[in-house]
Amino acid sequence: MNESPSARHRLRLLAAAATIGLDRAGESHGHPDAFLTQAATAALQARAGWRPATHAGRLPAAPTADQPLAPAAARATLRRLLDIADPDLIEEWAQLAIKHGVRADGPVAPVVLEWWAEQTRRAPAVFEMLGRTGEWLSTLNPEWRRPAATVAVPDGADEIWAAGRTPERIAVLTSVRRADPARARALVESTWPQDGAAERKAFLEVLFDHRSLADEPFLEAALDDRSKQVRRQAATTLAALPGSGLRQRMTERAAAIIGVTHASRGLLRRAQPQVTLTPPLQFDPAWDRDGVEERPPAGVGPRAWWMRQILAASDLALWEHRTGLDPEGILSALQESEFVGDARLALADAASRAGNAAWSLALARRLVADTPVDLATLSALVRGLTSTDRERVCLEVADQPQLGTVERWAVFTLIDDEWSPEFSRRAMALVPRQPVREPRDLLALVRAADAVSRRIAPQAVDAFDQVLASSTDGPPSDSLSRSIERVRLRADMHKEFTS
Amino acid sequence: MPEWTSERVLALAPDPSSASAGQSLANTRKWSALGRSDRAIWGLCQGSGKTPYQSRVDLAEPAFKCSCPSRKFPCKHGLGLLLVFAKDAASLPVGDEPDWVAEWIDGRSERAQKTLERTAAVAEKPVDVESQTKRAAQREARVRDGVTGCRMWLEDLVRRGLAAAQADSSADWERAAARLVDAQASGLASYVRRIAGTVSSGSGWDVRATDLIGQLHLLLCAAERLDDLPADLAGDVRVALGRSQSRDEALGSEGVEDRWTAIGQVIEEDERFRVARTWLAGHRTKRRALILEFAAGGQPLERAIAAGAVFEGELRFYPSRLPLRAIVAARSDALPAPSEPAPPLSETVDEGLGRYAEALASNPWLTRWPLVLSQARPLREDAGWLIVDDDDRGLPLRGSFTQGLQLWRLVAATGGSPATIVIEWNGTSALPIALLGGAHGGFLDLASRWPA
């Protein structure tokens, strides 16, 4: 038999002739039959005589020491989660694996990484649960590398900042800001005069996180930026920075609005302060620099609008200082004011920004007394709280007697991270065991149950099941069953890691 | 019989969604009237209809039967039932089999018995020689017409040139193929379709197409002088032309007893049917065997042998100059798969290619051949991915494999270190189908999404 390279070579020559066709390739190949016989011989010889070349290389070795594997049952569950591609459940699995110091197995790692790389929100835990095997695979396949923002400051950050495109610069800035806030500010300042308005605003948004008074001189200067969107973003950050000059200025303006009278009625009654609100009569052009918008949105009076913005950016301590009352007392004292609604919205804004539990709770109670409940404001209020305070507020709100089943569910969905077992138990106890019949309410119930099924502590699975079972007349609908199944699956998953 | 584990049960699932659905039924609350005997388990599962589904599993095979309308096999109820059993056998009380269980199992045993009797009877079966000869002659005549037509088509193709044929519509190609199907030469039709698929397959397409053209020419030459060929070779040519083989032909051959390992399983699907190729390797005889299973349309494949399974059994090979395709005439229960691959099964790249060349000499139309490469590792070079053995001999990996996640599962499972890798070799590129041993340990099915 001929040497294979020549058979392969002959096959390539024949292929060239076959491509243009024998009619054009000329007589050298003879009759088609002779040509085909040559092709058959070359093809067979090439396949039978193929000789492998020598390749001495090796892939970089996988890490030999890695975390122990998760229990087999848990690993089987992970495969199932990847089949249904549920991001919440996959992330929960990852958190459990990290908590127990175990990892997913090697063969599943590429499926995890492929899925992870497609997600817009790439939870770092999902990458971490693969252990060092995951790191190793991502060095072999660049598509699976962690995005810059989730890792330590990349090498060459300064070069990327100086020469990169905007999304890359934002990613670098985000990671630098996390590691070294002052360096991030210095980066922004270094190119500030050359960057466009949209970029400047985007960079200021990155600087919102990890802000401190060290940023103030730079931000204060940005209040005089030539672009309005940059000025507004600088004002937003300064307003959220306790002790900033902007906040002090706003607090002084607020002091002119809040009036307190200590009216004494009779000898036996204690002096009860009354709070009056006097919104500004005119717009002071100096306010604009501090981010106060002059033109109100539709439906809001200009004076109330200016007041709202000033109160929202000032220190809450001012109120307690001026009145000597606690938040509950202040809100009671405001009850008679013509501007009570605007004041509450402003206070809710300030309280959620400050994460002030006492104010948030007091405001949440007032909001619940209103019908219909302003869930958007309530949601903003609870978001700023620690998880313990948040759960306390939600339980108290949901316990209000005038709330119906669907409204209670809606309150629970305000807690969008993992529920504590205690909260899960008490929340389920607060839902009336009675059927929901209105189609619109049923739809809301299905949505709420889906959200809750991702957060509720798995220990409360039976209570969750019972509550949903009693909420419909017949057997639970498919979507409700799916929510119940999800909690059961999570309960199993938690057990699988401990067995 | 090894103990049932959830992993083992899920390996039987026909697809990921069935595995997932089965797991959601792996809960005693979903079942009523659960029970088990020494050979079967059963239970009732409430579906969307009024009557609950009767689901039962014959533990010996295992085999499944369920009254649900699902076309998946096994269905989610069967998987769920077996998962309940795997999790906690005690949740199925031991009891008498209801009629709907006992009748089915008894029927199965009877059918199994009949197959055995048929095996014995084939040798002595009286044959209507005259009508059989007549049918065969009619068929041969038709196939000969097909061969003539195909010859003309092929010569026309190389005269016009492949570049010109690239512009032909898929309907043109399909018409040529359909004529050959009508002439009962589906093997020729399949060559036409493969050439059609090659002419627009990107870089190197011209060599691949010329390779196929050469193979087709060789087949046509053999078909034209069928009467001059030795009987066994003529038989192989008829099969390559498209004659379908009946089970009885294999049953008539002598049995080969051995301990067999299912070294890999590939399922291919096109719009017409699904094929499961299961490669077996004999531990003592060192023989290779191929079990083919076809399912038309959306019908499920039974896949009686799971990838990685080890069993003692008797194979009967279809007559051929290179007996490869076989049926399982008798088999033991699955034996526990060894954690280390049996050494006699594996080979180096050079040894494997040598066996492939010998196999080609017997059957030049062989399209794929299994290699069990010991101490092999995946390797990336600028030109692409390879499988390289301990002597640093490398086989290029098939492009379709390296573009998908399968490559990464192989890389992750080996950790870049040597392992026993089973591949299908087609003369130019390697398709890894399974991994034995390695960092992962045990058998890893690379042809399915999840390791079994």
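Participant: Looking at this structure, I do not really get the overall build of chain A. What am I missing?
Facilitator: Within chain A, the secondary structure is distributed over 28 helices and two strands. Expressed as a percentage of the 499 residues in chain A, the buried residues total 49%. Restricting to contacts in chain A with at least 6 residues of sequence separation, those with at least 24 account for 67%. Only carbon and sulfur atoms are counted for the fraction: they give 52% of the accessible area of chain A, which is about 23500 Å².

Participant: Would you mind going over the side chain of Thr191(A) with me for this structure?
Facilitator: Residues and elements named next belong to chain A. Mapping Thr191 onto the fold places it in helix H11 (residues 181-191). Of the residues examined, Thr191 reaches a relative accessible area of 12% and is grouped as buried. Of note is the side chain of Thr191, whose polar atom sits 3.3 Å from the side chain of Trp161. Dropping the residues within four chain positions of it, Thr191 is found in contact with Trp161 and Arg169.

Participant: What is the right way to read the pairing of strand S4 (residues 63-66) of chain B from this model?
Facilitator: Look at any regular strand and the pattern is simple: side chains alternate between the two faces of the sheet. All names here are of chain B. Bridging between strand S3 (residues 53-58) and S4 involves four bridges; their strand directions are antiparallel. Each residue of the ladder has a partner; that of Val57, found in S4, is Phe64. Adjacent in sequence and paired antiparallel, S3 and S4 are bridged by four residues.

Participant: So what exactly am I meant to see when it comes to the pairing of strand S5 (residues 255-269) of chain B here?
Facilitator: Residue and element names in this part refer to chain B. Sheet topology note: the S5/strand S8 (residues 310-317) ladder contains seven bridges and is antiparallel. When the bridges of S8 are listed, Gly255 appears paired with Arg316. In this structure, S5 lies alongside strand S6 (residues 273-282), joined through nine bridges in antiparallel fashion. Bridge pairing links Gly264 to Trp279 in S6.

Participant: Please clarify how the confidence of the model for chain B should be interpreted in this entry.
Facilitator: Keep in mind that low pLDDT regions are not for reading the predicted coordinates in detail. Looking at chain B, pLDDT values average 86 and 91% of them are 70 or higher. Quick note on the complex model: pTM equals 0.69, ipTM equals 0.75.

Participant: What am I meant to see in the pattern of salt bridges here?
Facilitator: A side chain with one charge may pair with a side chain of the opposite charge, provided their charged atoms come close. Residue and element names in this part refer to chain A. Taken as a whole and judged by the stated rule, the model has 53 salt bridges over all chains. Where Arg488 meets Asp465, a salt bridge forms, and the shortest distance between an N and an O atom there is 2.7 Å. Taken as a pair, Arg488 in helix H28 (residues 478-498) and Asp465 in helix H27 (residues 461-469) lie far apart in primary sequence, 23 residues in all. The exposure classification of Arg488 matches that of Asp465, with both residues buried. A network of salt bridges, in which partner residues are shared, links Asp86, Asp88, Asp450, Arg454, Arg455 and Arg486.

Participant: Mind showing me how you'd approach helix H24 (residues 405-412) of chain A here?
Facilitator: Since one α-helical turn is 3.6 residues long, residues separated by three or four positions face the same way. Most of H24(A) is tucked away, with six of its eight residues classed as buried. Within H24(A), burial applies to Thr405(A), Arg408(A), Trp409(A), Ala410(A), Val411(A) and Phe412(A).

Participant: Quick question: what am I supposed to make of the environment of Ile327(B) here?
Facilitator: Residues and elements named next belong to chain B. Mapped onto the fold, Ile327 is located in strand S9 (residues 326-331). On the basis of relative accessible area, Ile327 is assigned to the buried category, the value being 6%. Expressed as a C-alpha distance, the spacing of Ile327 and Phe317, which sit ten residues apart in the sequence, is 6.5 Å.

Participant: Would you explain the sheet that holds S4(B) in this entry?
Facilitator: What links the strands of a sheet is backbone hydrogen bonding, and the strands pair in either a parallel or an antiparallel sense. All names here are of chain B. The strand order S1-S2-S3-S4 describes an open sheet built from four strands, whose pairing is antiparallel. The open sheet has two free edges, formed respectively by strand S1 (31-36) and S4, since each of these has just one partner strand. The sheet shows a mean angle of 10 degrees between the axes of neighbouring strands, direction not considered. The pairing of strand S2 (residues 40-45) with S3 spans six bridges and is antiparallel. Bridge pairing in S3 links Ile41 to Val57.

Participant: Which parts of the structure should I look at to understand the interface of chain A and chain B?
Facilitator: Accessible area lost on assembly of the parts is the figure often given for the size of an interface. Contacts between the two partners involve 56 residues from chain A, matched on the other side by 66 residues from chain B. Overall, the association of chain A and chain B removes approximately 5300 Å² of surface from exposure, summing both partners, and the carbon and sulfur fraction of that is 61%. Along the contact surface separating chain A from chain B lie three salt bridges. Here Asp211(B) and Arg47(A) are joined by a salt bridge, their closest N and O atoms 3.9 Å apart. Where the side of chain A that touches chain B is concerned, the elements lending two or more residues are helix H1 (4-20), helix H2 (22-25), helix H3 (32-48), helix H4 (72-84), helix H6 (109-118), helix H8 (131-140) and H28 of chain A. Examining the composition of the side of chain A that touches chain B, we find that eleven residues originate from one element, H3(A), more than from any other. Residues of the side of chain A that touches chain B, tallied by class, amount to 33 nonpolar, nine polar and 14 charged.

Participant: Would you explain the nonpolar core in this entry?
Facilitator: If you look at soluble globular proteins, the nonpolar side chains tend to sit buried side by side. In terms of nonpolar packing, the biggest core is built from 102 residues, with Trp319(A), Leu334(A), Trp409(A) and Phe464(A) touching the most fellow members. For Trp319(A), the residues in contact, after removing those within four places along its chain, are Ile258(A), Val275(A), Leu277(A), Leu311(A), Gly324(A), Ile330(A), Leu334(A), Leu347(A) and Trp359(A). The next biggest cluster of nonpolar side chains, apart from the first, holds 82 residues, and it includes Leu353(B), Leu371(B), Val372(B) and Leu446(B).

Participant: What am I meant to see in the packing of H3(A) against helix H9 (residues 205-224) of chain B here?
Facilitator: For any two helices packed against each other, the geometry is given by the interaxial angle and the distance between the axes. Between H3(A) and H9(B), whose axes approach to 7 Å, the crossing angle comes to 110 degrees. What the angle tells us is that H3(A) and H9(B) run roughly perpendicular. Residues Asp33(A), Leu36(A), Thr37(A), Ala39(A), Ala40(A), Ala43(A), Leu44(A) and Arg47(A) of H3(A) form the contact with H9(B), whose own contacting residues are Thr210(B), Asp211(B), Ile213(B), Gly214(B), Gln215(B), His217(B) and Leu218(B). Class assignment for the residues of the contact of H3(A) with H9(B) results in seven nonpolar, five polar and three charged.

Participant: What exactly am I supposed to notice about helix H19 (residues 327-334) of chain A here?
Facilitator: All names here are of chain A. Counting buried residues in H19 gives six out of eight residues, a clear majority hidden from the surface. Looking at H19, one finds that the buried residues are Pro327, Gly329, Ile330, Leu331, Ala333 and Leu334. Looking at the packing, one finds that the buried side of H19 touches strand S2 (272-277), helix H18 (317-323), helix H20 (340-354) and helix H21 (357-369).

Participant: Help me understand the environment of Leu12(B), please; the structure alone is not making it clear to me.
Facilitator: Residue and element names in this part refer to chain B. Locating Leu12 in the fold gives a position in the loop between helix H1 (6-10) and helix H2 (16-24). In the structure, Leu12 is positioned 67 residues away from Leu79 in sequence and 7.9 Å away in space, judged by C-alpha atoms. Discounting residues that sit within four places of it in the chain, Leu12 has contacts with Trp4, Pro62, Phe64, Pro74, Leu79 and Leu82.

Participant: Looking at this structure, how should I read the sheet that holds strand S10 (residues 369-381) of chain B?
Facilitator: All names here are of chain B. Read from one edge to the other, the open sheet built from six strands follows the order S12-S11-S10-S13-S14-S15, with strand pairing classed as antiparallel. Two strands close off the open sheet at either side, each with one partner strand: strand S12 (394-396) and strand S15 (443-445). When strand polarity is set aside, the average angle formed by the axes of neighbouring strands in this sheet is 45 degrees. In the packing of helix H12 (residues 349-362) onto the sheet, contacts are made with S10, S12 and strand S13 (419-425), and the angle to S10 comes to roughly 135 degrees.

Cut-offs used in this document
Chains are numbered independently. Their residues run from 1 in the order of the written sequence. Starting at A for chains and at 1 for ligands, labels are handed out in the order in which the entities are written. Given that the model is predicted, a residue must reach a pLDDT of at least 70 before its local features are reported, and side-chain atom pairs must reach 80 or more before they are shown or counted; all residues, however, enter totals for whole chains, interfaces and linings. Hydrogens and waters are ignored; side-chain quantities use all the structure's heavy atoms. Counting from the N terminus, the helices are the DSSP runs of H or I reaching at least four residues and the strands are the DSSP runs of E reaching at least two. Here the term buried applies to any residue with accessible area under 20% of the maximum for its type, exposed to any over 50%, and partly exposed to those in between, with areas from a 1.4 Å probe on protein chains only. In what follows, residue pairs with any heavy atoms lying within 4.5 Å of each other are defined as contacts. Accessibility throughout is a Shrake-Rupley quantity obtained with a 1.4 Å probe, and a residue counts as covered only by protein chains that appear here. Think of a polar contact as two N or O atoms within 3.5 Å of one another; within protein, one of them needs to be a possible hydrogen donor and the other a possible acceptor, and neighboring residues in sequence only count if both atoms come from side chains. The pairing criterion is simple: DSSP has to find at least two bridges between the two strands. pLDDT: the predictor's confidence for each residue, scored from 0 to 100. A carboxyl oxygen of Asp or Glu within 4 Å of a side-chain nitrogen of Lys or Arg is what we treat as a salt bridge. To obtain each axis, a line is fitted to C-alpha atoms, and for helices this fit is confined to the stretch in contact; angles are then taken between N-to-C directions over 0 to 180 degrees. Computed with a 1.4 Å rolling probe, the buried area is the accessible surface lost when two parts are put together, summed over both parts. Residue type decides the class: Asp, Glu, Lys and Arg count as charged, Ala, Val, Leu, Ile, Met, Phe, Trp, Tyr, Cys and Pro as nonpolar, and the leftover types, Gly among them, as polar. To define a nonpolar core, start from buried Ala, Val, Leu, Ile, Met, Phe, Trp, Tyr and Cys residues and group those joined through side-chain atoms within 4.5 Å. Small angles under 35 degrees read as roughly parallel and large ones over 145 as roughly antiparallel, with 65 to 115 read as roughly perpendicular and the rest as oblique.

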